[in-house]
Amino acid sequence: MTKLIYFAWVRERIGKAEEEVELPAEVRTVRDLLMWLKSRGEEFESALQHPEVIRVAINQEHVDHREEIGGAREIALFPPMTGG
């Protein structure tokens, strides 16, 4: 099982802060994960309508969307950071 954690407006649109999931075998990269999540319902589709802007951390380390998920224990998804 992999723990998925959602932050900020990703969490608000999905409607939950975290969940434990069994990732399908075909979900090998972060990009695969985002596409799989989008297929899980309207709330995920809304949160991930522009997956290229979603930032991801695997086991608390920021990664690129091409990164292999491997045996990740925890994957966090959050929107891009803005500052001022």
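Refer to the preceding data block for the structure.
Residues numbered from 1 in each chain as written. Predicted model: local features only at pLDDT ≥ 70, side-chain atom pairs only at ≥ 80, totals over all residues. Heavy atoms only, no water.

J.: Is there a simple way to think about the overall build of the protein in this case?
T.: In terms of regular secondary structure, the protein is built from three helices and five strands. At 12 Å, the protein has a C-alpha radius of gyration in line with the 12 Å of a compact globule built from 84 residues. Per-residue burial for the protein yields a buried fraction of 42% across its 84 residues. A total accessible area of about 5,200 Å² is found for the protein, and carbon and sulfur atoms account for 46% of it. Each charge class in the protein was averaged separately, 11 positive and 16 negative side chains, and the resulting centres sit 2 Å apart. (Helix = DSSP H or I, 4+ residues; strand = E, 2+ residues; numbered from the N terminus. Rg over C-alpha atoms; globule rule 2.2 N^0.38 Å. Buried < 20%, exposed > 50% of the residue type's maximum accessible area, 1.4 Å probe, protein only. Areas by Shrake-Rupley, 256 points an atom, 1.4 Å probe, with all protein chains shown as cover. Lys, Arg positive; Asp, Glu negative; His and termini not counted. Charge placed at Lys NZ, Arg CZ, Asp CG, Glu CD.)

J.: Help me out: how do you make sense of the pairing of strand S5 (residues 74–78) in this one?
T.: Every other side chain in a regular strand lies on the same face of the sheet, so the side chains alternate between the two faces. Summarising burial for S5: five of the five residues are buried, a large majority. Here S5 shows no split at all, with Glu74, Ala76 and Phe78 on one side and Ile75 and Leu77 on the other all buried. Inspection of the sheet shows strand S1 (residues 2–6) paired to S5 by four bridges, in the parallel sense. Following the sheet pairing, tyrosine 6 is matched in S5 by leucine 77. (Pairing = 2+ DSSP bridges.)

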